[in-house]
Amino acid sequence: MESFLINGGNPLAGAVRVSGAKNSALKLMAAALLTSDKTILQNVPMIKDVRTMANVLRELGVGVTVTPERVEIDPSGGLSDTAPYELVRKMRASIIVMGPLLARLGRARVAMPGGCNIGPRKIDFHLSGLEKLGARINVEHGFINVDTNGLTGDVISLDYPSVGATENIMMAAVTARGRTVIESAAREPEIIDLAKFLTSMGARISGAGSETVIIDGVDELNGATHTVVPDRIEAGTFMIAAAVTRGDLVIEDVNPLHLEIFISKLRSIGVEVQEFDHKIRCRGGEFNSTDIATLPHPGFPTDLQAPVLVLLSLARGHSIVTENVFENRFVFVDEMNRLGASIRTSGHHAVVHGQSRLEGAIVEAPDLRAGAALVLAGLAAAGTTEVRRIGHIDRGYENFEQKLQALGADIQRVEVSNRAPSAAPF
Ligand code: EPZ
């Protein structure tokens, strides 16, 4: 089992280039199933989830070549229809192959995705949207079986702007007969990136990034080459790293327009943020409390809720953070309090008592973004912090410790035995 060992207190300084967005790359890889031509994706983050998605595609009979920041996908050798449990269990996002398989083969068998510890992660909006297009759905033996005699466009009004449901429906609709209108669609920048890729393959899509996406079906799609949009969540993570270490960072290859509300909230806390066309400069300062509510884009991103709790723990005064997107995304608060934070949760609300003096301890990463937040807390804490179960972090952050080391962080990746957490390491 691997851990990060962090000696806190070093102000981070210098420039860091963020990688391509995990939450776009995985969907672009699934979209490549929509054609039998070869597609090439560039600026792909070399992270565990990309390797898992590559294995899902290989299970489906697709040739996948992964080289640094580039993935070539060749579905010319025929396609099977089943995404197996052992891969879907590892990565819930595998469900995103359902729409493309349904469009390409007229059927798909995808293992029920596990929940994960930020909530049950239902897929009812995905399934009801695909049914509206003419899919028949039955769930048996832990598999979702969908099939159709042909998809026909329709108007689909989502109960909630689900990112995954919007993407699955978009991909099913690109070769459906006639027009599909998705109302209350998700507006994340990754949706726009997917629409750009599909359009370059020959799809006819308008309105991506707004609450109404229109897809006019075409006969077939062709191969294309596409560069993945920069990862706004990784960029926000490094911005908070600059703030909590009272450092001075330039985050490169990021579009500040993808982080408007996040930037405005950081400024209200007292972080100095300068925006340029494709980079952001971020400096620490004196922090004041503020209240934050996570919402679908363009609201405050739920994936930056855990990192911003670290920053608010250092601010003067009390802050209230409300998590409106997932049911159980405060699961890491107990770990934060082990580091000396003072956060109380009640349902969807967390009350942060600020001006905590964070002190190193052993903590465990419960999921990807909470794991990254615990690293940020370790960078700010006095003394040594060991963050365990960092496999979660490797799922979504490329070369995380190397990027931090290059900015002056004292962080090492170490092997640990299954030592009882109570054993004091220092
Ligand atoms: C995507 O998850 C991202 N994952 C998440 O990032 C991100 O937090 C989320 O969008 C919101 O921005 C990927 O893109 C791989 P949703 P997704 O469908 O598509 C409920 C990370 O750390 N819901 O918008 O699963 C659901 O339970 C991850 O990178 C239903 O009830 O998000 C949740 O409460 C974490 N029924 C809410 O909607 C459905 O059919 C948001 O889910 C679908 C969703």
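Every value quoted in this text rests on a predicted model; they were computed, and no experiment measured them.

1. Overview of the overall build of the protein
Counting secondary structure elements, the protein contains 14 helices and 24 strands. Radius of gyration (C-alpha) of the protein: 22 Å, near the 22 Å computed for a compact globule of 426 residues. Projected onto its principal axes, the C-alpha coordinates of the protein cover approximately 60 × 45 × 40 Å. Counting all 426 residues of the protein, 55% fall into the buried class. Surface summary for the protein: the accessible area is close to 15,900 Å², and the carbon and sulfur share equals 47%. Between the mean site of the 42 positive side-chain charges and the mean site of the 49 negative ones, the protein shows a separation of 1 Å.

2. Examining the site of the ligand
With respect to spatial proximity, 25 residues lie near the ligand, and among them Asp-124, Phe-125, Ser-162, Asp-303 and Val-325 are the closest. Between Arg-92 and the ligand, the recorded distance is 3.0 Å, taken from a side-chain N or O atom to an oxygen atom. At 2.7 Å from an oxygen atom of the ligand is found a side-chain nitrogen or oxygen belonging to Ser-162. Notes on the ligand: free accessible area 820 Å², of which the protein chains cover 91%. Listing elements by their share of the shell around the ligand, those giving two or more residues are α1 (22–31), α5 (124–132), α6 (163–173) and α12 (368–380). Considered class by class, the residues forming the shell around the ligand number nine nonpolar, five polar and 11 charged. Residues lining the shell around the ligand come from more than one domain, with at least three contributed by each of domain 1 (2–19 + 230–415) and domain 2 (22–227).

3. A few points about the packing of aromatic side chains
For the structure shown, the criterion picks out three aromatic pairs. Ring geometry for Phe-262 against Phe-300: centres 5.6 Å apart, planes inclined by 50 degrees, an arrangement best described as tilted. Taken together, the residues Phe-262 in helix α9 (residues 260–269) and Phe-300 in the loop between β18 (292–293) and α10 (305–313) connect sequence positions 38 residues apart. For the pair Phe-262 and Phe-300, a shared accessibility class is recorded, and that class is buried. Taken together, a centroid distance of 4.8 Å and an interplanar angle of 40 degrees make the contact between Tyr-397 and Phe-400 tilted. Residues Tyr-397 and Phe-400 agree in their burial class; the two are buried. Aromatic rings pair up to connect Phe-238, Tyr-397 and Phe-400 into one cluster. Sitting above the plane of the Phe-143 ring, Arg-109 keeps its charged end 4.2 Å from the centroid. When the ring centre of Phe-276 is taken as origin, the NZ or CZ atom of Lys-279, which lies over that ring, is 5.5 Å away.

4. Some words on the confidence of the model for the protein
Of all residues in the protein, 96% attain a pLDDT of 70 or more, and the chain-wide mean is 95. The low-confidence segment residues 422–426, where pLDDT is below 50, has seven contacts with residues more than four positions distant or belonging to other chains.

5. With respect to the pattern of salt bridges
Applying the stated rule across the entire model yields 23 salt bridges. For Glu-72, the salt bridge identified is with Lys-38, shortest N-O distance 3.5 Å. Linking Glu-72 in strand β5 (residues 70–74) with Lys-38 in the loop between α1 and β3 (39–42), this pair joins segments that are 34 residues apart in sequence. Given a relative accessible area of 22%, Glu-72 falls into the partly exposed group. A salt bridge links Arg-316 to Glu-286, with the nearest nitrogen and oxygen atoms 3.9 Å apart. Here Arg-316 is found in the loop between α10 and β19 (318–322), whereas its partner Glu-286 is found in the loop between β17 (279–283) and β18, with 30 residues between them in sequence. Of the residues examined, Arg-316 reaches a relative accessible area of 38% and is grouped as partly exposed. Counted as one network, the salt bridges with shared partners bring together Glu-2, Asp-394, Glu-401 and Arg-413.

6. Focus on the environment of Ser-346
Take Ser-346: it is sitting in strand β20 (residues 342–346). Ser-346 gets classed as exposed once you look at its relative accessible area, which sits at 53%. Sequence-wise, Ser-346 and Ile-73 are 273 residues apart; in three dimensions their C-alpha atoms are separated by 46 Å.

7. Observations concerning the packing of α10 against α12
Interaxial distance between α10 and α12 falls to 7 Å at its minimum, and their mutual angle equals 25 degrees. Taken together, the axes of α10 and α12 are roughly parallel relative to one another. Helix-helix and strand crossings are classified by hand; for α10 and α12 the assignment is right-handed. Counting all contacts with α10, which are made through Ala-306, Pro-307 and Val-310, the residues of α12 involved are Arg-369, Ala-370, Ala-373, Leu-376 and Ala-377. Residue composition of the contact of α10 with α12, grouped by class: seven nonpolar, no polar and one charged.

8. Focus on α5
Taken together, the buried positions of α5 are occupied by His-126, Leu-127, Gly-129 and Leu-130. All buried residues of α5 fall inside an arc of 165 degrees around its axis, so they share one side. Where the residues of α5 are buried, they touch α4 (98–105), β8 (136–140), β9 (143–147), β10 (155–157) and α6. Gly-134, located one to two residues past α5, shows a positive phi value of around 110 degrees.

9. Section: the sheet that holds strand β4 (residues 63–67)
Taken in spatial order, the four strands of this open sheet run β4-β5-β3-β14, and their pairing is mixed. Only two strands of the sheet have a single partner each, and these edge strands are β4 and β14 (225–227). Looking at each pair of strands side by side, their axes are set apart by 15 degrees on average, direction ignored. In the packing of helix α2 (residues 48–59) onto the sheet, contacts are made with β4 and β5, and the angle to β4 comes to roughly 160 degrees.

Parameters and conventions
- Residues numbered from 1 in each chain as written.
- Predicted model: local features only at pLDDT ≥ 70, side-chain atom pairs only at ≥ 80, totals over all residues.
- Heavy atoms only, no water.
- Helix = DSSP H or I, 4+ residues; strand = E, 2+ residues; numbered from the N terminus.
- Rg over C-alpha atoms; globule rule 2.2 N^0.38 Å.
- Buried < 20%, exposed > 50% of the residue type's maximum accessible area, 1.4 Å probe, protein only.
- Areas by Shrake-Rupley, 256 points an atom, 1.4 Å probe, with all protein chains shown as cover.
- Lys, Arg positive; Asp, Glu negative; His and termini not counted.
- Charge placed at Lys NZ, Arg CZ, Asp CG, Glu CD.
- Near = heavy atom within 4 Å.
- Polar contact = N/O pair within 3.5 Å; in protein donor to acceptor, adjacent residues only side chain to side chain.
- Nonpolar A, V, L, I, M, F, W, Y, C, P; charged D, E, K, R; others polar.
- Domains from an automatic or database assignment.
- Phe/Tyr/Trp six-rings, centres within 6.5 Å; stacked < 30°, edge-to-face > 60°.
- Lys NZ or Arg CZ within 6 Å of the ring centre and 35° of its normal.
- pLDDT = per-residue confidence, 0-100.
- Contact = heavy atoms within 4.5 Å.
- Salt bridge = Lys/Arg side-chain N within 4 Å of Asp/Glu carboxyl O.
- Axes fitted to C-alpha atoms, helices over the stretch in contact; angles between N-to-C directions.
- Parallel < 35°, antiparallel > 145°, perpendicular 65-115°, else oblique.
- Left-handed = near helix turned anticlockwise from the far one by under 90°.
- Arc of directions from axis to C-beta.
- Pairing = 2+ DSSP bridges.

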